[in-house]
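# Understanding the architecture of this molecule
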Amino acid sequence: MFGSYYKNTTNTTRKQTMTDINPNAAAYADKVRVRVCGICIQDEKLLLVRHQATIRNRDFWAPPGGGLQFGESLADCLKREFLEETGLIVEVGRFLFVNEFMQAPLHAIEFFFEVKATGGELITGHDPEATPEMQLIEEVAWKTKHQVREIPLPDKHRILHHLYSFNDLLSMPHHFLK
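A brief structural summary. Counting restarts for each chain: residues are numbered from 1 in the order of the written sequence. Restriction of local features to residues with pLDDT of at least 70 applies here, the model being predicted, together with a cutoff of 80 or more for giving and counting side-chain atom pairs; totals for whole chains, interfaces and linings are based on all residues. Heavy atoms from the whole structure form the basis of all side-chain values; hydrogens and water molecules are not counted.

### Let's talk about the packing of aromatic side chains
Ring pairs are drawn from Phe, Tyr and Trp, using the six-membered ring of Trp, whenever the two centres fall within 6.5 Å, and their geometry is named by plane angle: stacked under 30 degrees, edge-to-face over 60, tilted for the rest. Tallied over the full model, the rule gives two aromatic pairs. For the ring pair Phe95 and Phe113, a centre distance of 5.6 Å and an interplane angle of 70° mean the geometry is edge-to-face. Taken together, the residues Phe95 in strand E7 (residues 88–103) and Phe113 in strand E8 (residues 106–120) connect sequence positions 18 residues apart. Relative to Phe112, the ring of Phe97 has its centre 4.7 Å away and its plane inclined at 20°; by these criteria the two rings are stacked. Pair noted here: Phe97 is in strand E7 and Phe112 is in strand E8, with a separation of 15 residues, a long-range link. In this description a helix means any DSSP run of H or I spanning at least four residues, a strand means any run of E spanning at least two, and both kinds are numbered starting from the N terminus.

What follows is the structure, encoded as structure tokens:
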């Protein structure tokens, strides 16, 4: 889909051994990223962001969130990411769980929090660190649990794979998901 070469963070080209990665996601490869993500449920719908394909998928639906910057608190990161990606102002609630995402060449440690929308207007946002032609975000939408279940497994974050209800996301053990 994207060819078998991509630029890694040292600006050298290497052949991928496992997968093909979208060139727009290559900036996140070959390093461990710390991400902060929010579970925002409103009117029995979950807020999700649809990204361009990453690895072996057509799209990638995930809760809003993104990379923690040096000197930034987890709560401040999550508020910033929600505003950038969704246009919404949020109140950060309780810590929910940690997920480790590992699919070579991507690796992320993700801290999930419950969030509540308190203002703003829902938009399809952007990543200010990426140029307009390198944006991954394509859509932001409220999804019912039925709509989330209809998304093919490769096209959604693994925390969404086996949901019976959105309460499942709010009551997971407070440790790494396996």
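### Digging into the pairing of strand E5 (residues 59–62)
Three exposure classes are used, based on accessible area relative to the maximum for each residue type with a 1.4 Å probe and protein chains only: buried under 20%, partly exposed in between, and exposed over 50%. Where burial is concerned, the two faces of E5 agree: the one with Asp59 and Trp61 and the one with Phe60 and Ala62 are both buried. Note on pairing: DSSP must find at least two bridges between two strands before they are called paired. With four bridges joining them, strand E4 (residues 45–52) and E5 adopt antiparallel strand pairing. Bridge assignment links Val49 to a residue of E5, and that residue is Ala62. Between E4 and the antiparallel strand that follows it, E5, lie six residues; Arg56 among them carries a positive phi value of about 50°.

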